[in-house]
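Here is how the chains run, residue by residue.
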Amino acid sequence: MGDTDASALRKAQVILVTGGAGYVGSHAVKGLRQAGHEVVVYDDLSAGHRGAVLGARLIEGNIADVAAVRRALRETGATAVMHFAAWLVVPDSVKDPAGYYRNNVIGTLGTLEAMAAEGCRHFVFSSTCATYGEPIETPIAETHPQQPINSYGESKLAIERALPHFERAHGMSWVALRYFNAAGADPDGEIGEDHDPEIHVIPRAIEAATGGRRLEVFGDDYPTPDGTCLRDYVHVSDLADAHLCALETIVETGKSGAYNLGIGRPHSVREVIDAVERVTGRAVSWALGPRRPGDPAVLYSAPHKAQAELHWTPRHADLEAIVRTAWNWHRTHPNGYEDK
C-alpha cells in the first residue's frame, strides 16, 4: 500500500464488516486489522463462527433489520461497509428461491438503506461469478453477459443492478467483486473454512483423505483434458486483499465498478484430488457421480481489470500451495471452530 492510499483509507476510520464471522469475511477482517484499521463485525452467526472473529468487536444482528444496522453504523462511526453476509449454496437456492431473495436481496437492500440514512458512503460488495450463468466464452471478462441460471446468481445480480441507483441517489461509491472459486485458509492457520455442510471441493477432498465422507466427483465426461470440470481457485487471503484494494480505490478516487477475482488459470477436479493427495500424503476416497445440472465444463476468469485498476496481485497462484494452507487449517482444527 502506497503512502497516498494509506492516508486515504485512514480517513475511513472504522469499517463495518457484515458477515465478518464467515469464511471470506473473517479473512478480510484479519487483513483490515493487519493494515491498521478498526473493524466492527456485524453478523447473526447463522453460518459464521464467533471463534473466527479475531481482535474485532462483534455485534450480533440481522442485515434486514434496518434499525439495528443504522444503530451499529451510528454507534461505531463507520464510514465504510464490506458486505459478505449472504446465503451461497447454489443447489439450496434452486430449492428455496424465496429464502435467497429474502436474505440476499432484501437483507442487502436493508443494509444499503441504513448506510444511506447514516451517511455511510463506501460499499464493497461480495458478489459472484454465478451472475454470468453459462459461459459463452472463457476466460470470462467483466463484459461477459450476465444471465444467471439460479436464484443465488440472480440475487447477487439484483444488488449489482441496484448499486448505481444508490450511487445516484445518495452519493454512495461501490465496488462489486465477482469471486470465482474461493479456496484455502489463512496461511498463519488462525482461521479457515468451516461450513456445515461443507460445499467446497478442497475441504471435502481433505475430509475424504482423513477418513471422512467419500468425495463425489460429478461427471468425468466433460470436454476437458481429464474429463472433469475446470475451475479457477483463488486463495481466500487474496480475496481479502482484493477487498482492501477495492476500498482504497473508492475512498481515494470515488470510482465505482465491478471486477472479477480469480487467478485466470483453471484446474480440474482430478487435479485438486491429486494435489490433496500430494500435500496430505494420503489417498482421497472418491466415487464418480452423475453430472450436476447447470455445471459448465470450464469456468475461469480474466482478472486483468482488477489487477490494473485495483492494483490487486494474487499471492497464492499455485494450487498445491492453496491446498497446503487448507490442509494446515484442517490438521490443526480437525473439528473446525470450537463454538459449534
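One can find the structure itself at the top, above this paragraph.
The sections below set out a description of the structure shown in this document.

What counts and what doesn't
- Residues numbered from 1 in each chain as written.
- Predicted model: local features only at pLDDT ≥ 70, side-chain atom pairs only at ≥ 80, totals over all residues.
- Heavy atoms only, no water.
- Pairing = 2+ DSSP bridges.
- Helix = DSSP H or I, 4+ residues; strand = E, 2+ residues; numbered from the N terminus.
- Salt bridge = Lys/Arg side-chain N within 4 Å of Asp/Glu carboxyl O.
- Buried < 20%, exposed > 50% of the residue type's maximum accessible area, 1.4 Å probe, protein only.
- Contact = heavy atoms within 4.5 Å.
- Core = buried A, V, L, I, M, F, W, Y, C linked by side-chain atoms within 4.5 Å.
- Expected span 1.5 Å × (residues − 1).
- Axes fitted to C-alpha atoms, helices over the stretch in contact; angles between N-to-C directions.

Topic: the sheet that holds strand 12 (residues 267-268)
Taken in spatial order, the three strands line up as 12-9-14 in an open sheet, and their pairing is mixed. Two strands in the sheet have a free side with no partner beyond their single neighbour: strand 12 and strand 14 (298-299). Where strand 9 (residues 230-231) and strand 14 come together, two bridges link them in parallel fashion. The partner of R231 across the bridge, within strand 14, is L299.

Let's talk about the pattern of salt bridges
Enumeration over the complete set of coordinates arrives at 16 salt bridges. Taking the shortest distance from any N to any O, the salt bridge between R70 and E118 comes out at 2.7 Å. Of this pair, R70 sits in helix 3 (residues 66-76) while E118 sits in helix 5 (residues 97-118), placing them 48 residues apart in sequence. The class for R70 is partly exposed, based on a relative accessible area of 31%.

Structural notes on the environment of C229
Within the fold, C229 resides in the loop between strand 8 (215-218) and strand 9. The sequence separation of C229 and V269 amounts to 40 residues, and the corresponding C-alpha distance is 6.0 Å. Setting aside anything within four residues of it in sequence, one finds C229 in contact with Y222, H267, S268, V269, P296 and A297.

A closer look at the pairing of strand 4 (residues 80-83)
In summary, the side chains of a regular strand alternate between the two faces of the sheet. The alternating pattern of strand 4 places A80 and M82 on one face and V81 and H83 on the opposite face, and all of these are buried. Sheet analysis places strand 1 (residues 14-18) next to strand 4, joined by four bridges and oriented parallel. The partner of V17 across the bridge, within strand 4, is M82. Of the pairings in the sheet, the one linking strand 4 to strand 5 (residues 122-128) comprises four bridges and is parallel in character. Within strand 5, the residue paired with V81 across the bridge is F123.

Structural notes on the nonpolar core
Grouped together as the largest cluster of nonpolar side chains are 38 residues, with contacts concentrated most on M82 and L177. If one sorts the elements of this core by residue count, helix 8 (residues 236-253) sits on top with ten residues. Contact partners of M82, with chain neighbours within four places excluded, come to I15, L16, V17, T18, A28, L32, V124, H243, L244 and L247. Ranked by size, the runner-up nonpolar core spans 30 residues in total, among them V66, L73, I159 and A258.

Quick notes on helix 8
In this model helix 8 runs 26 Å from its N-terminal to its C-terminal C-alpha over 18 residues, within 8% of the 26 Å that 1.5 Å per residue would give. The buried count for helix 8 comes to 15 of 18 residues, which makes it a mostly enclosed element. G254, located one to two residues past helix 8, shows a positive phi value of around 75 degrees.

Regarding the side chain of K30
Secondary-structure assignment places K30 in helix 2 (residues 23-34). On the basis of relative accessible area, K30 is assigned to the buried category, the value being 14%.

As for the sheet that holds strand 2 (residues 38-43)
What the seven strands build is an open sheet, ordered 3-2-1-4-5-6-11; its pairing is parallel. Bordering the open sheet on either side are strand 3 (57-60) and strand 11 (257-261), each of which pairs with just one other strand. In this sheet, adjacent strand axes meet at a mean angle of 20 degrees when their direction is disregarded. Taken together, the five bridges between strand 6 (residues 173-179) and strand 11 define a ladder with parallel strand orientation. Note on strand 11: the bridge partner recorded for Y179 is L261. Of the strands in this sheet, strand 5, strand 6 and strand 11 are in contact with helix 6 (residues 151-170), which crosses strand 5 at around 155 degrees.

What about unusual backbone geometry?
Residue P139 follows T138 across a cis peptide bond; omega there is -5 degrees. If you trace the backbone, P139 turns up in the loop between strand 5 and helix 6. Looking along the chain, the bond that leaves D196 and enters P197 is cis, with omega of 0 degrees. As for its position among the elements, P197 is in the loop between strand 7 (181-183) and helix 7 (201-209). We note that L45 has phi near 60 degrees; this positive angle belongs to a residue other than glycine. Turning to its location among the elements, L45 is positioned in the loop between strand 2 and strand 3. Its identity is not glycine, yet H311 carries a phi of approximately 60 degrees, on the positive side. Turning to its location among the elements, H311 is positioned in the loop between helix 10 (304-309) and helix 11 (319-332). Exposure remark for H311: the relative accessible area of 61% places this residue in the exposed category.

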